[in-house]
Amino acid sequence: MARYPSRYSALSLLRKGATRSNWPRAWRHHELKSSYDVVIIGGGLHGLATAYYLARNHGITNVAVLEKAYIGGGGSGRNTAIVRSNYLTPEGSAFYDRSVQLYEGLTEDLNFNIMFEQRGHMTLAHNDASLRTMRWRAEVNKLGGIDSKVISPAEVKELAPAIDISDRPRYPIHGALWHPPGGIVRHDAVVWGYARGADARGAHIHQGTEVTGIDVAGDRVIGVQTSHGPVATPIVINCTAGWSTLIADMAGVQLPITTRPLQAAVTEPVQPFLDPVIVSGTLHVYVSQTARGELVFGASVDPYSSYSSRGSLGFTEGLAGHVLELMPGISKMRLLRQWAGLCDMTPDFGPIIGPTPVDGFYVDVGWGTYGFKAGPVAGEQVAAMVATGAIPELIASFGLERFEEGALTAEKGAAAVGH
Ligand code: PYC
């Protein structure tokens, strides 16, 4: 398990907490300027990472991040914080592998402890068909140099003793895809670390600033309208989730996206007993145990479009039934909270990153259920695209034009759970 230095010793944290003195502001408030070189819409992980890498890697600092609520309040704060790169397609696994690499170095790079725990990621197979997909994924992963292999039920039990590998459950376990570099991160810390890094390098983060319109002259973007006034800019990047289609509509760009809620829930904390992240596509559930001892659960996206960010009783009932198939020993644990985040689903379950028919208007959207783990690499690659004007190889297959050209990416088979 990776261990990273913390910025504060326990004693200094206690002293600061008790006196509430001298907490440095992590990012500053600025007046909204009338023009910026780049405007990023969406103050989540993707928008903040893009601002950070624009400054860090390309020296572009006259940048505004516009967030209608507060930073990290959307998908970045509502996901289940899983990081992995065991995707099905070569382009998907190469892309997410770069993200794992960035996550591995992020605490040091940002000088902010993101608490990345590489405890391994296990995708269970409950039938021959899923075992075949696991083998396929393992082979694609190995070819790309990614640590990923199929393991037996006995090895599952050794790595996660709480899992029932007997033939009692309705869907007994036949094996699993084991991916040691996968794990979990403290998701808020990643958002705050990027915000701090972007701010320190000159980007302006504007919370409570809603984009109400995008100004286009001819076929070129020239600015945005906001709840705090107009801003002129030659470059606008749509880094939103949930509202990505509404923002794109403002520029006259249509995106092939439908928005679905994805629910999650967390239990009361208990002693550590579950090391890896466990995923079961057949049972539509994934679970990990946080450093605080809570179990964090997620499931499939809801089967309807909605902008709701609340949990439902139907979700809790389904989740409990499925989780107890996997781990009958936790039947007495109590759920503390549940919530939903918004997932922008594309027809091929790949993201849409790149330019659009409107010059200067870029998108980094359509992340479905993969957005959190992609934050660092998406930020890095989008920044490179905007700075150089060229499309980096790692994102070349995720362009908007693929839906017209029929060059789809087919990443559904690597989803954590069914869609
Ligand atoms: O793809 O690993 C994943 C995932 C976890 C939660 C939602 N998606």
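Computed from a prediction, not measured in an experiment: that's the story for all the values here. Every chain is numbered on its own, with residues counted from 1 as its sequence reads. This being a predicted model, a pLDDT of at least 70 is required before a residue's local features are given, and a value of 80 or more before pairs of side-chain atoms are given or counted; all residues contribute to the totals for chains, interfaces and linings. Each side-chain value is derived from all of the structure's non-hydrogen atoms; neither hydrogens nor water enter the calculation.

1. Looking at the sheet that holds strand β6 (residues 175–179)
Here is step 1 of the chain: Across the sheet, eight strands lie side by side as β5-β6-β4-β14-β15-β16-β13-β17; this open sheet has mixed pairing. On the outer flanks of this sheet lie β5 (149–151) and β17 (335–345), each paired with one strand and no other. Averaged over all adjacent pairs, the angle separating strand axes in this sheet is 20°, with direction ignored. Being paired, for any two strands, means DSSP has found at least two bridges between them. Secondary structure counts use DSSP, requiring at least four H or I residues in a row for a helix and at least two E residues in a row for a strand, with both numbered from the N terminus. For helices, the fitted line uses only the C-alpha atoms of the stretch in contact; every axis is such a line through C-alpha atoms, and the angle between N-to-C directions lies from 0 to 180 degrees.

2. Quick word on the environment of Ala387
Here is step 1 of the chain: Relative to the elements of secondary structure, Ala387 occurs in helix α10 (residues 371–388).
Here is step 2 of the chain: When the C-alpha positions of Ala387 and Met333 are compared, they lie 50 Å apart, and in sequence the two are 54 residues distant.
Here is step 3 of the chain: Not counting chain neighbours up to four residues away, the residues in contact with Ala387 comprise His58 and Ile60. Note on definitions: a residue-residue contact is assigned when non-hydrogen atoms from the two residues lie within 4.5 Å.

3. Comments concerning the pairing of strand β19 (residues 361–365)
Here is step 1 of the chain: In terms of residue burial, β19 counts as a mostly covered element, since five of its five residues are buried.
Here is step 2 of the chain: For every residue, the accessible area obtained with a 1.4 Å probe (protein chains only) is divided by the maximum for its type, and the residue is called buried under 20%, exposed over 50%, and partly exposed between those limits. Side chains of β19 alternate between two faces, with Phe361, Val363 and Val365 and Tyr362 and Asp364 buried alike.
Here is step 3 of the chain: In the sheet, strand β12 (residues 236–238) pairs with β19 via three bridges, with the strands oriented parallel. From the neighbouring strand, Asn238 faces β19, where its bridge partner is Val363.
Here is step 4 of the chain: Adjacent in sequence and paired antiparallel, strand β18 (residues 352–355) and β19 are bridged by five residues, among which Gly360 carries a positive phi angle near 85°.

4. Quick notes on the packing of aromatic side chains
Here is step 1 of the chain: Classification of ring pairs uses Phe, Tyr and Trp, with its six-membered ring standing for Trp, and accepts pairs whose centres are within 6.5 Å; under 30 degrees between planes counts as stacked, over 60 as edge-to-face, and the remaining range as tilted. Considering all chains together, one arrives at twelve aromatic pairs under this definition.
Here is step 2 of the chain: For the pair Phe95 and Tyr96, a centre-to-centre distance of 5.1 Å together with 85° between the ring planes defines the contact as edge-to-face. As far as burial versus exposure is concerned, Phe95 and Tyr96 are alike and both buried.
Here is step 3 of the chain: Look at Tyr103 and Phe116: their rings are 5.9 Å apart centre to centre, the planes differ by 55°, and that puts the pair in the tilted class. One end of the pair, Tyr103, is in helix α4 (residues 90–110); the other, Phe116, is in the loop between α4 and β4 (121–125), and 13 residues separate them in sequence. Just as Tyr103 is buried, Phe116 falls in that class too.
Here is step 4 of the chain: Chaining the aromatic ring pairs together yields one cluster made of Tyr87, Phe95, Tyr96, Trp367, Tyr370 and Phe398.
Here is step 5 of the chain: Only when the NZ atom of a Lys or the CZ atom of an Arg is both within 6 Å of the ring centre and within 35 degrees of the ring normal do we say a charge sits over the ring. Across the ring face of Tyr87, the terminal group of Arg84 is positioned such that the distance to the ring centre comes to 4.4 Å.

5. Description of the pairing of β4
Here is step 1 of the chain: Counted residue by residue, β4 has five buried out of five residues, so it is predominantly covered.
Here is step 2 of the chain: Burial of β4 is two-sided: the residues His121, Thr123 and Ala125 facing one way and the residues Met122 and Leu124 facing the other way are all buried.
Here is step 3 of the chain: With five bridges joining them, β4 and β6 adopt antiparallel strand pairing. In the sheet register, His121 faces β6, and the bridge partner there is His179.

6. Points about the layout of surface pockets
Here is step 1 of the chain: Using a grid of 1 Å spacing that covers the protein atoms alone, one calls a set of points a cavity when a 1.4 Å probe fits there but cannot get out, and a pocket when the set is open and has protein on both sides within 12 Å along at least five of seven lines; lining residues are those with an atom within 4 Å of a point. Grid points are joined across faces, edges and corners, and a volume is the space filled by probe spheres set on the points. In this structure, the second largest pocket occupies an estimated 500 Å³ of space.
Here is step 2 of the chain: Forming the boundary of the second largest pocket are 21 residues, of which Arg186, His187, Thr290, Arg292 and Glu294 lie nearest the centre.
Here is step 3 of the chain: Breaking the lining of the second largest pocket down by element, the ones donating at least two residues are α3 (75–78), α7 (187–200) and β17.
Here is step 4 of the chain: Residues are grouped as follows: nonpolar covers Ala, Val, Leu, Ile, Met, Phe, Trp, Tyr, Cys and Pro; charged covers Asp, Glu, Lys and Arg; every other residue, Gly included, is treated as polar. A per-class count over the lining of the second largest pocket returns eight nonpolar, six polar and seven charged.

7. Focus: the sheet that holds strand β9 (residues 211–217)
Here is step 1 of the chain: The three strands lie next to each other as β9-β10-β11, forming an open sheet whose pairing is antiparallel. In this open sheet, the two edge strands, each paired with only one partner strand, are β9 and β11 (229–232). Recorded for the sheet is a direction-independent mean angle of 25° between the axes of neighbouring strands.

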